[in-house]
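Spelled out from the first residue to the last, the chains are:
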Amino acid sequence: MDPTRVLLDCEYQIAPVDPRIFGGFLEHVGRAVYQGVYDPQSPCADAQGFRTDVLNHLEPLRFTAMRYPGGNFASGYHWLNGVGPRASRPTLQELASLSIEPNQFGTDEFICLARRLNWTPMLTVNLGTGTPEEARDWVEYCNSPCGTKYANLRAGNGAAAPYGVKLWCLGNEMDGPWQQGYAPAGHYAIRARQAAKLMRDTDPSIELVVCGSAETGLPTYLEWDRTVLEYVGDTVDYVSLHRYVGNLKGDTADYLAVTNSIDEQIEVMAAVCRCAQARARSHKRIQLSFDEWNVWYRTQNAESVNGHGQYAQHLVEEEYDLQDALVVAGFLNSFIRHADVVKIANLAQIVNVIAPILTRGDQALRQSIYYPFRLYAQRREGVALQPVVRGPGYESASYGFVHAIDTSAILGDGCLHLFLINRSLDEPAPVEVSVGGLRLAAVRAAEVVSGPCPTSRNTFDQPDTIGSQAFKTIELCDGGARIQLPPLSAAAVTFETRPARGPVGGSVA
Ligand code: AHR
């Protein structure tokens, strides 16, 4: 393959990377909570009932914003059922996944887990079957000092100091006919605005995410967003985007080009926000919260989300392969390239349900998508740079032209983090990197995720087929670097940087 040139310049900055784009999502569905993070019966459980093997795998992913308790689950959830003495919490029919919800894990357990793993809690209020007042009461429970009813209730449950939950989602996917309390845009917008006012009056410091379109394929796509943003744009901070992708055609090259449409989804939503803002003659910028994203297609059907009236069933336990891992890396590249507008993003989800970690009995497996997320999470501090890519590529049937190499870059303190994906199924890719205004002086750390073929995956019997290895085919030259990427790979390289001594790419003595 001909070399690809990646041209960067330390002055071509997009925006600081918001650490919250490395968020996750924990929902009460299937075995995400029960038998996932919380499993008091497991020999791996600690005194609080958390599964330490799962927590040990979660830790290196360094999740930031953690969205909870749903998802679709949130639209039927009444938070009061999940607080107080466990023995008196009700067991309920759960309608989003037709399961049994024992309410043994609720707000206090979630906050405890969030503190343990250094997550920023992001709570979704029930705007499906709940009321704006119930949402407000939850803000008081979490954020108000003692002295009033729900703050006192929190204190009575063991937490005298407020939890200080800053991020709140105004419902979930309210444009989806599958959603409890599904409503037309104008109707939802009124509900969201009422809730926003009560919640903000309770704690003016909170940030609010309003529901954008759940899917790009819905007939109301963008019209929903425009209507909602024009009504509530001045009272919220973010609009949500959701996206699940998959290799539906069995065509890996086409699938790996899906990043074009992720870029497009972000850019179109940012444009809708600007349009709503301009029509309102407002200076307020609504930013994007990409609060559900992942690969999900093998288990995306009615049966996979049907718990048949049982507790903790094996729902939507997608098994991921190498090509999925590269697509996950592609999502992250896209978020970094759009750091000026994407401020929050949540991998959906974290354990068992469409997740990087799968449990079976007392075992916990790291799936292929675990590894690219970990590479990025370890290199997330800095300012996103605008990359220019020159080199070979191909025309994909569904998403148009893509380069063989997908990339993003973060300029850190004395270092540059470079992320590269080689989309070629069978060819190694030579990449020449140059950075205006800087010299790449040394490789501080470099890792690559690859594997035998696009469909290779980890199993409980063979857990290490896909992993990350030290990446060595990197040569420094003239202040830049020459890199050789294996076929079907995602690499992350951290370079030590020094000020440039001369013109771009030069080394004038
Ligand atoms: O993440 C699984 C489900 O996907 C969520 O509950 C819902 O919001 C989305 O449709």
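Let me begin by describing the structure that accompanies this report. Note that this is a predicted model, so its numbers are computed, not measured.

## Regarding the environment of W119
Along the chain, W119 turns up in the loop between α2 (107-116) and β7 (120-124). Taking the C-alpha atoms as reference, W119 lies 8.9 Å from G24; in sequence the two are 95 residues apart. Excluding anything up to four places from it in sequence, W119 contacts L58, F63, T64, M66, F110, L113, A114 and I350.

## So, the sheet that holds strand β11 (residues 287-295)
Spatial strand order, β3-β4-β7-β8-β9-β10-β11-β12: 8 strands in a closed barrel with parallel pairing. Neighbour to neighbour, the strand axes of the sheet diverge by 30° on average, direction disregarded. Of the pairings in the sheet, the one linking β11 to strand β12 (residues 342-348) comprises 4 bridges and is parallel in character. The residue bridging S289 from the neighbouring strand is I344, located in β12.

## Quick word on the nonpolar core
Within the largest apolar cluster, 125 residues are counted, with the highest numbers of intra-cluster contacts made by L26, L58, F105, W168, L170 and Y188. If you tally residues by element for this core, the top one is helix α9 (residues 322-337), at 9 residues. Residues contacting L58, with those up to four places away along its chain left out, are V37, F63, L117, W119, I350, V351 and I357. Among the nonpolar cores identified, the runner-up in size contains 26 residues, and V435, L440, A481 and V493 belong to it.

## Here we look at the packing of aromatic side chains
By the definition in use, this model includes 26 aromatic pairs. Note on W79 and Y141: the rings are 5.0 Å apart at their centroids and 50° apart in plane angle, and the pair reads as tilted. Taken together, the residues span a long stretch of sequence, with W79 in the loop between β4 (65-68) and β5 (92-94) and Y141 in helix α3 (residues 132-143) at a distance of 62 residues. Each member of the pair, W79 together with Y141, is buried.

## Topic: the pattern of salt bridges
What the rule picks out here adds up to 31 salt bridges. Close ionic contact of E475 with R482 constitutes a salt bridge, the shortest N to O distance being 4.0 Å. Overall, the relative accessible area of 42% leaves R482 in the partly exposed class. By sharing partners, the salt bridges in this structure join E223, R226, E230 and R279 into a single network.

## Focus: the side chain of Q349
Within the secondary structure layout, Q349 lies in the loop between β12 and β13 (357-360). By relative accessible area, which is 3% here, Q349 ends up buried. In this structure the side chain of Q349 is engaged in a polar contact, spanning 2.9 Å, whose partner is the side chain of E27. The residues touching Q349, leaving out its near neighbours within four places in the chain, are F25, L26, E27, V29, A32, N294, I354, A355 and P356.

## Some words on the site of the ligand
The environment of the ligand is formed by F25, E27, G71, N72, N172, E173, Y244, E292, W296, Q349 and I354. With respect to the ligand, the backbone of N72 contributes an N or O atom lying 2.9 Å from an oxygen atom. Between N172 and the ligand, the recorded distance is 3.0 Å, taken from a side-chain N or O atom to an oxygen atom. Within the complex, the protein chains bury 91% of what would otherwise be the 280 Å² of accessible surface of the ligand. Partitioning the shell around the ligand into residue classes produces 4 nonpolar, 4 polar and 3 charged.

## Quick notes on the environment of L365
Along the chain, the position of L365 falls in strand β14 (residues 363-366). Residues L365 and T227 lie 138 residues apart in sequence; the distance between their C-alpha atoms is 43 Å.

Cut-offs and rules
Residues numbered from 1 in each chain as written. Predicted model: local features only at pLDDT ≥ 70, side-chain atom pairs only at ≥ 80, totals over all residues. Heavy atoms only, no water. Helix = DSSP H or I, 4+ residues; strand = E, 2+ residues; numbered from the N terminus. Contact = heavy atoms within 4.5 Å. Pairing = 2+ DSSP bridges. Axes fitted to C-alpha atoms, helices over the stretch in contact; angles between N-to-C directions. Core = buried A, V, L, I, M, F, W, Y, C linked by side-chain atoms within 4.5 Å. Buried < 20%, exposed > 50% of the residue type's maximum accessible area, 1.4 Å probe, protein only. Phe/Tyr/Trp six-rings, centres within 6.5 Å; stacked < 30°, edge-to-face > 60°. Salt bridge = Lys/Arg side-chain N within 4 Å of Asp/Glu carboxyl O. Polar contact = N/O pair within 3.5 Å; in protein donor to acceptor, adjacent residues only side chain to side chain. Near = heavy atom within 4 Å. Areas by Shrake-Rupley, 256 points an atom, 1.4 Å probe, with all protein chains shown as cover. Nonpolar A, V, L, I, M, F, W, Y, C, P; charged D, E, K, R; others polar.

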